[in-house]
Amino acid sequence: MTHHRTKDGEQPFSEAVDSEIDELARIVRHGQQAGEFREFDARSGAQIIVQAVEGVLGRWMVDTSVDLDAQATILVDFVYHAIRQEKP
């Protein structure tokens with residue numbers, strides 16, 4: 001939905017997407033402060049995660065044979081390993 005535009009070029013869902021990214025960034029910052037996630041720009045990381053989710057859903061929209069449960073499991077594992085704080 002982040003790329004959806006009306007005939008006038010407006011992005012009707014941009015506020016909702018920004019709100020989703022902001023909330024996820026807040027959660028990421030909380031995880032960073034708690035030492036669960038490594039340090040990185042929380043908003044940029046949240047934006048990447050949201051775009052990855054949209055990518056999976058977009059692929060499913062054009063190919064309903066995509067296994068959303070399997071894709072979700074892989075995506076969660078991928079993100080977890082990308083943002084977690086390595087424990088010594």
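Residues numbered from 1 in each chain as written. Predicted model: local features only at pLDDT ≥ 70, side-chain atom pairs only at ≥ 80, totals over all residues. Heavy atoms only, no water.

A. Structural detail: the pattern of salt bridges. By the definition in use, this model includes 5 salt bridges. Measuring nitrogen to oxygen at the nearest pair gives 3.7 Å for the salt bridge that ties aspartate 18 to arginine 43. With aspartate 18 in helix 1 (residues 14-33) and arginine 43 in helix 2 (residues 42-62), this residue pair connects regions lying 25 residues apart in the sequence. Relative accessible area serves as the criterion here: at 37%, aspartate 18 is assigned to the partly exposed category. (Salt bridge = Lys/Arg side-chain N within 4 Å of Asp/Glu carboxyl O. Helix = DSSP H or I, 4+ residues; strand = E, 2+ residues; numbered from the N terminus. Buried < 20%, exposed > 50% of the residue type's maximum accessible area, 1.4 Å probe, protein only.)

B. Representation of the nonpolar core. Counting residues in hydrophobic clusters, the biggest one holds 13 residues, and the most contacted among them are Ile21 and Val79. When residues of this core are traced back to their parent elements, those giving at least two are helix 1, helix 2 and helix 3 (68-83). Looking at this core, the element that brings in the most residues is helix 2, giving 5 residues. Apart from residues no more than four positions distant in its own chain, isoleucine 21 is found in contact with Arg43, Ala46, Gln47 and Val50. (Core = buried A, V, L, I, M, F, W, Y, C linked by side-chain atoms within 4.5 Å. Contact = heavy atoms within 4.5 Å.)

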